[in-house]
Amino acid sequence: MTEQEVLVRVEDLIKHFPVARDAVGRRRPGHIRAVDGISFEIYRGETLGLVGESGCGKSTAGRTILQLYRPTGGRVIFRGKDLTELKGRELRGVRPHMQMVFQDPYASLNPRMTVGQLISEPLLVHTRQSRAERQRRVRELLELVGLDPDLDRRYPHEFSGGQRQRIGVARALALNPEFIICDEPISALDVSVQAQVVNLLEDLQERFGLTYLFIAHDLSMVRHICTRVAVMYLGKLMELGPREAVYNRPLHPYTRALLSAVPVPDPDLEAEREPALLTGDVPSPADPPSGCFFRTRCSLAADICRAEVPAFREVRPGHYAACHFVPMEGW
Amino acid sequence: MARLLEVRDLTTCFHTPEGVVHAVNGVSFDLAEGETLGIVGESGSGKTVSMLSLLRLIPEPPGRIVRGQALFQGKDLLKLDREAIQKMRGSQVGFVFQDPMTSLNPLMRIGEQLSEPMLKHLRLTPRQARNRSLELLKLVGIPGAAHRLDDYPHQFSGGMRQRVMIAMALSCEPKILIADEPTTALDVTIQAQVVALVKDLRRRLGMAVIWITHDLGVLAGLAHRVVVMYAGSIVEQAPVRQLYKDPRHPYTLGLLGALPRVDGQHAERLANIAGRPPDLLKPIIHCPFAPRCRFAIARCWETNPALLPVSDAHQSACWVLGGTGEPFGETQVD
Amino acid sequence: MTARVKASGQPTARPGLGARLAEATTGRQALGRLLHNRMALLGLIIIVVYVVLAAFPSILTQHDPNVQNLARTLEPPSAEYRLGTDEFGRDVLSRVLHGARLSFTIAGLAVILGGLSGFAIGLLAGYFGGAVDTVLMRLMDVLLAMPGILLAIAVIAALGAGIGNVIIAIGIYNIPQFARLTRSTVLGVKTQDFVLASRSIGSSAPEILVRHIIPNAWGAPFVFAMLRFSTAILTASGLSFLGLGVSPPTPEWGAMLAASRGYMRLAPHLVLAYGLAISTLVLGFNALGEGLRDVFDPRTAR
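Residues numbered from 1 in each chain as written. Chains lettered and ligands numbered in written order. Predicted model: local features only at pLDDT ≥ 70, side-chain atom pairs only at ≥ 80, totals over all residues. Heavy atoms only, no water.

(A) Expanded view of the pattern of salt bridges. Applying the stated rule across the entire model yields 50 salt bridges over all chains. Between A:Asp266 and B:Lys245 there is a salt bridge, with its nearest N and O atoms 3.0 Å apart. Pair noted here: A:Asp266 is in the loop between helix 9 (253–261) and helix 10 (267–272) and B:Lys245 is in helix 9 (residues 240–245), and the two residues belong to different chains. Overall, B:Lys245 belongs to the partly exposed group, its relative accessible area being 43%. Note that C:Asp133 is salt-bridged to C:Arg183, the shortest N-O span being 2.7 Å. A residue pair is termed long-range when its members are at least 10 positions apart, and C:Asp133 in helix 6 (residues 130–145) and C:Arg183 in helix 8 (residues 163–190) qualify at 50 residues. Judged by relative accessible area, C:Asp133 falls into the buried class, the value being 13%. Taking the relative accessible area as the measure of exposure, C:Arg183 reaches 23% and is therefore partly exposed. (Salt bridge = Lys/Arg side-chain N within 4 Å of Asp/Glu carboxyl O. Helix = DSSP H or I, 4+ residues; strand = E, 2+ residues; numbered from the N terminus. Buried < 20%, exposed > 50% of the residue type's maximum accessible area, 1.4 Å probe, protein only.)

Next comes the structure, spelled out in structure tokens:
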């Protein structure tokens, strides 16, 4: 993990949403702390997995990194610039280098545009290519993601979910980006189709040296595709480390609970396994618990967890966790 | 174990403006008392439609149950009159749907919704029904159940709502609980809770469970037997261990290979099932999986293989890997 | 390919609103569905018949709508005067048909004026939100606070009577209705992922509005325009009925209806002819509007 080039540096990123407005339009006090101070680096050429339960803020984090939501605080350094300070034209100038693949292949493609129009939209915005050049590029991209280039006049609804996700990938690739955020790109797809899309993402990464931030709730798939994994809970990072370390020797009780909840497709193993069930629900991000956010569901919770927010510290080289009990228990 | 449900040659189609969709094509299976049967398949494989057909819950028209038999306690569910089948639903067979967010009426209190089937099927008084609702909420592990009877669905989280749905399905002590992708919309942590709950309830109440899913991962620790469906037909069924250890249909093999494993015993690359399921508008004479199958031989394009025994309880519909031939590893393939 | 997704009844993944919108995407499909919708077809036929007759009144009658024949007043329908004559001996049929022309012009221009302005206001308010939204929509609330016909009367009072001012009056009172509808539609479209996706590739606000918001937001206001068309005809007639719109002898339905009231006993065919002319056309536009709504909203289709 030494001497790797940092492509994206996220520093203390915060995104709070106002809770609601009252009848006169005044904001009520209190905020939903969707992303509550996360810091990490993404190395060039790697796939960093960002996992957590729904509502943990992982998608918001992705969108805030891309400045689709403007952050409440913190910095995002990419290509030597702090994205949070860029505006308008400057920010649009950086966009070609960082792209996004969205979760819902139905909602993320404008139903009234043809596949050709959809894929050439980024070219239209950022290049002065002629119609013929754009058309050639569209065909090239369609082929690249494994679709028939002659389908460029079709509309999205004529495609299956997996094919639509390929269209989304082609669109993201149109401007040769360095960095792609994949926001749950497979969670709406059938298992066999998931494999197709994941294999495509892996092939493209190898071919173009892409860097991914892979946001997902499927821990099995994250283990398959990612080099490092970050675990999020209620807007904070609980654990971050190399894949094997996080999966084989998880430091944080939350990570262990998450991992133990994932079923293994092996009846013999399943018969012996006794999953450590998490009790209760995720607390509201508008009103998180004091101290450690996870303490209300944690089997190890003690007084110190109520009183103090555990620091997110490096327990082993490159392996971070935010838990008061990590070093003492000696995992 | 005694046979509880015996389904034979169930065939359902839908009449659409584009033509007749052959959604379920001659599905036959048994369900024993107290057994958990997993039904796995992709979207459109007919797994949900076949279960809905059993209870005649498909909209007719455009749907139509063409033929088949579903013997439950000596009665053919497909031939019961409207009143009798309505009695069957809820009282003998409970249903849990995929989306706990839309399956509950947002304007009715949880207690009222739970009581409804009991007032109807068990003819309880409102007071009895309310008491029983409370018991049910406790049974499915809702904390502070007594205070939550008068809550509305929006006051419950997704996992809690799915528990309520299960409680509702159990309210009349059904012999069979059919759960249609009950955990697909939920997080893994909540999925683990729901799976544990259903396993526990099955043990305590002795009912049979049919669990519909597209994820073979969940079934490994839950089901006794697994039925794999593809393009409206059963392509393989086997006891759970045999299906995972010795799959005898290329589709099952593909599904297992496409699944990454959290315990790291994963391949460098996920197995791809290339292509997509067939268009169910057209009748298929060859094996429906042949176009996507890497094992396909000439015979697969001529005749659709029937579901034939591999061993005692294991059946597969494949000319290459099925039958009593060698297990997959030793099969010569080119 | 289409067939699989739709016909198997279970698309390969959960379809969002995008998919439902897409159902009505292609023009040919929409047209096909429109022709299968009896309501819409009925409306369309009525309107087409009116348009043709208004454009070529000579198909049915050779009489000039303004030529008086005082020797033959208030005659019931006959071979020569198919709908009889009015109090000045003018051909009622001819006046009805020329009135249709005027009604189409007034209602059409008023709806276009109100619709386009309202659409633009709703679009900006909905897309940009914040202060833009607050200012524009409060302004709309002020207009909405007055009953429609009163607002129109106030505008006429300020500008004076006449065809042009009637158009402006009806147009203005249509603005807030279109603005509100457009705004709520835009609010729905704005949150769709494809808008976010377009922002993520660096599209500017005008690019997003033109490429993504407008194509997905014009359906509902367009259908609404059909429904407003009939209201505009009624309002125009209403204004003329009150003597605030078009002045005699211009053949305007409302004005003619008002004039013929006095002869209801003597010559009931007058009231009937003008009344039915108005209500049939209004019915036609309503039917077409309702039908279009079904066509554009796949959730109610079939």
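(B) Summary view of the pairing of strand 6 (residues 98–101) of chain A. All names here are of chain A. Of the two faces of strand 6, the one lined by Met98 and Met100 and the one lined by Gln99 and Val101 are each fully buried. With four bridges connecting them, strand 6 and strand 7 (residues 179–183) associate as parallel partners. Bridge assignment links methionine 100 to a residue of strand 7, and that residue is isoleucine 181. (Pairing = 2+ DSSP bridges.)

(C) Local environment of the domain arrangement of chain B. All names here are of chain B. Along its sequence, chain B is organised into domain 1 (3–92 + 174–275 + 284–332) and domain 2 (93–173). Computed from C-alpha atoms alone, the centre-to-centre distance between domain 1 and domain 2 is 28 Å. Between domain 1 and domain 2, roughly 2200 Å² of surface is buried when both sides are summed, and carbon and sulfur atoms account for 69% of that area. Where domain 1 touches domain 2, the interface holds zero salt bridges. Applying the counting criterion to the domain 1 and domain 2 interface returns eight residue pairs in polar contact (both at pLDDT 80 or more). Within the residue set of the side of domain 1 that touches domain 2, elements represented by two or more residues are helix 1 (47–54), helix 2 (82–91), strand 7 (176–180) and helix 7 (188–205). The element contributing the most residues to the side of domain 1 that touches domain 2 is helix 7, with eight residues. Its residues placed into classes, the side of domain 1 that touches domain 2 shows 20 nonpolar, six polar and six charged. (Domains from an automatic or database assignment. Buried area = accessible area lost by both parts, 1.4 Å probe. Polar contact = N/O pair within 3.5 Å; in protein donor to acceptor, adjacent residues only side chain to side chain. Nonpolar A, V, L, I, M, F, W, Y, C, P; charged D, E, K, R; others polar.)

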